[in-house]
Amino acid sequence: MAKRRIAFYLMTIPALLLFFTFHTFPALQGIFYAFTNWDGFGESYDFVGFKNFVNLFKDENVINSYIFTFKYAIVVTILINVISLLIALGLNAKIKFKNFFRGVYFLPNILSVLIVGFIFNYLFSNVLTTWGAKMGSEFLSQNILGNADWAWIGIVIVAVWQGIAFNTILYLAGLQTIPKDLYEASNLDGAGKFREFISITFPLLASFFTINMVLAMKSGLMVFDQIVALTGGGPGRSTQSIALLIYTGGFQGGEFAYQSANAVIYFIVIIVISVLQLKFLQKREMDM
Amino acid sequence: MMRKTTNWTSTILIALGSLLILFPLYMTISIALKNPEEMAVSIFSLPTGLHFENFRNAIEATNFFNALKNSVVITVISVVFILLTNSMVAYAIARNMKDKFFKVLYFYFISAMFIPFQIIMLPVVKVTTDLHMNNIVGLIILYVVYGLAFNIFVYVGYIRSIPYELEEAATMDGASTWGTYWKIIFPLLAPISATIGILSCLSTWNDFMLPLILLGDQNSYTLPLVQYVFQGQFGTDFNLAFASYLLALTPMVIVYLFAQKWIIGGITQGAIKS
């Protein structure tokens, strides 16, 4: 028995040490530096207490990046979930070439987010503008990524185009867990399609809905690759996400400590939102 | 009583929707095969002659085969080590959940799922540079270690559904804990390992941020990172840029064409079981 215990410890302790070194320790360091004024490369630094945190709340760039990131994440989460649920319902119906279409809709998920972003960047700047000009629309003939008010919509389009793939597959998996005889019973009762969806399909998909909402929201809040490829945070700072701000400020702007404080706030925000989402959605699951 | 006939409304809507998915990919292929003169005539039309010189130029400009080799090495080694080590840690945890140490360990690992990478991003560069690990080896270690949070969550759930009897029989026969894990548990994990393998493979292959902050030497750059670095040099030569993008996307698309059923099936199975 002792031998078995030793084996179990040997299986886990190396992983524990590595995980601590490369995950927990850097996270603690990040929290530590948040209370200093270190620039990231200098020899010395001083403790400044909560000064970084106080300044964050007064910093217009930081506040704007939170507003942009939230607006973006909420819109993307809703669109991805609505569209992927519709596609999953379509793919689950008795359609022709089912496997082919399922393969097509999942395809974006295997592609690099960054490269897809570069491709769409070109489509927005050169292809859609050509189309817009042909149709004689002044609005469509300008590059939306170059417009401070509309650039975020461009990023939403790319994120949705790519993000629906994974959620569609999860919803499709969920639809396959619903027993067919439930629908047969409702058919006999003469329930309409819409009624069938509201009272059978959607309640039984509740746990998949929860997981899809949480996943989409979390990746929305962490958006980085799309923005690097599409706008670089511009025009101006109109599409600067929190993750991009921490990256550029921390690595290139000499704001290591300041952006560490920003990351701590960001961490708290993500935890609070994930917990709230899980609590709210799981309560809904129970009620249904 | 089920409707056996084809639902044409759904078929048509799904077909129209799939055009929206395919259009950007059509544009990518067509632009990669054109030259600037053809582009000037029409951006949308099919290419008239196939300009494979775009690919030759892109391969030279970005040192494509070197980046491909880096991406393949990083992805394959990471996935193999993730499957071997993460499942082993999960096995030890799943079979000792009554023990306080392993229970705490379980929550310690899975709570990391909620920690955004940005809080680690700045210090981890410092840690890895101090340890001279800002290279491919360091990157692979980070992928394997960071995989623990999610993978332990999934593996532990799966292992707890496997009955003890098999292991007890093996222990009676004198098998060690290692032997039991390797000969009995690991093979039984095949379905969930497939799911984890596919997800890790896709996320490692397409990852941009970790290579961006970690890799110092240009010779060790991965495919997505190379596209980013050469973005400036492509300039307005879109045909060259798109040839390069297409080359970078193609390896995974080829894998997908052959393993599509298996990849989607693996994710579907994983979603239903956990």
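Residues numbered from 1 in each chain as written. Chains lettered and ligands numbered in written order. Predicted model: local features only at pLDDT ≥ 70, side-chain atom pairs only at ≥ 80, totals over all residues. Heavy atoms only, no water.

The name an unreviewed UniProt entry gives chain A is Sugar ABC transporter permease, with Paenibacillus antarcticus as the organism. Per its UniProt entry, chain A bears the Subcellular location (unreviewed entry) comment "Cell membrane". You can read under Sequence similarities (unreviewed entry) in the UniProt record for chain A the words "Belongs to the binding-protein-dependent transport system permease family." (UniProt positions renumbered as here; feature names shortened; annotations may be inferred.)

(A) Geometry of the pattern of salt bridges. Residue and element names in this part refer to chain B. All told, the structure shown has 3 salt bridges over all chains when counted by the stated rule. When the shortest N-O distance is used, the salt bridge between Arg-95 and Glu-167 registers 2.7 Å. Note that Arg-95 is positioned in the loop between α4 (64-94) and α5 (100-111) and Glu-167 in helix α8 (residues 165-172), a separation of 72 residues in sequence. Among the residues examined, Arg-95 registers a relative accessible area of 10% and is labelled buried. The partner of Asp-130 in a salt bridge is Lys-126, with the nearest N and O atoms 3.8 Å apart. One end of the pair is Asp-130 and the other is Lys-126, both in helix α6 (residues 118-130) and 4 residues apart, which spans about a single turn. (Salt bridge = Lys/Arg side-chain N within 4 Å of Asp/Glu carboxyl O. Helix = DSSP H or I, 4+ residues; strand = E, 2+ residues; numbered from the N terminus. Buried < 20%, exposed > 50% of the residue type's maximum accessible area, 1.4 Å probe, protein only.)

(B) Structural view of the packing of helix α1 (residues 2-33) of chain A against α5 of chain B. It is the contact of α1 of chain A with α5 of chain B, at a shortest axis distance of 11 Å, that shows an interaxial angle of 30°. Between α1 of chain A and α5 of chain B, the crossing angle belongs to the class labelled roughly parallel. Judged by the sense of rotation from one axis to the other, the crossing of α1 of chain A with α5 of chain B is left-handed. Judged by residue contacts, Arg-5, Phe-8, Tyr-9, Thr-12, Ile-13, Ala-15, Leu-16, Phe-19, Phe-20 and Thr-24 of chain A of α1 of chain A engage Phe-101, Phe-102, Leu-105, Tyr-108 and Phe-109 of chain B from α5 of chain B. Residue composition of the contact of α1 of chain A with α5 of chain B, grouped by class: 12 nonpolar, 2 polar and 1 charged. (Axes fitted to C-alpha atoms, helices over the stretch in contact; angles between N-to-C directions. Parallel < 35°, antiparallel > 145°, perpendicular 65-115°, else oblique. Left-handed = near helix turned anticlockwise from the far one by under 90°. Contact = heavy atoms within 4.5 Å. Nonpolar A, V, L, I, M, F, W, Y, C, P; charged D, E, K, R; others polar.)

(C) Seen up close, the layout of surface pockets. Space inside the second largest pocket adds up to approximately 920 Å³. Taken together, 27 residues form the lining of the second largest pocket, with Leu-89, Gly-90, Ala-93 and Lys-193 of chain A together with Asn-7 of chain B sitting closest to its centre. Among the elements of the structure, α3 (60-92), α4 (98-106), α7 (180-188) and α8 (193-204) of chain A together with α1 (8-32) of chain B are those that each provide at least two residues to the lining of the second largest pocket. (1 Å grid on protein atoms, 1.4 Å probe; cavity = no way out; pocket = protein on both sides within 12 Å on 5 of 7 lines; lining within 4 Å. Points joined across faces, edges and corners; volume = space filled by probe spheres on them.)

(D) Just helix α10 (residues 190-206) of chain B, in detail. All names here are of chain B. Between its first and last C-alpha atoms α10 spans 24 Å; for 17 residues at 1.5 Å apiece the expected length is 24 Å, and the two agree. With respect to burial, α10 is a largely interior element, 12 of its 17 residues being buried. Of all the positions in α10, only Ile-192, Ser-193, Ala-194, Thr-195, Ile-196, Gly-197, Ile-198, Ser-200, Leu-202, Thr-204, Trp-205 and Asn-206 are classed as buried. (Expected span 1.5 Å × (residues − 1).)

(E) How the structure looks around the UniProt feature "transmembrane region" (unreviewed entry) in chain A. Residues and elements named next belong to chain A. In the numbering used here, UniProt assigns the feature "transmembrane region" (unreviewed entry) to residues 7-35, 72-91, 103-124, 150-173, 194-215 and 263-281. What you have in residues 7-35 is 93% helix and 0% strand, and the ends, taken at the C-alpha atoms, are 41 Å apart. As annotated, residues 72-91 has a helix share of 100% and a strand share of 0%, and its two end C-alpha atoms lie 28 Å apart.

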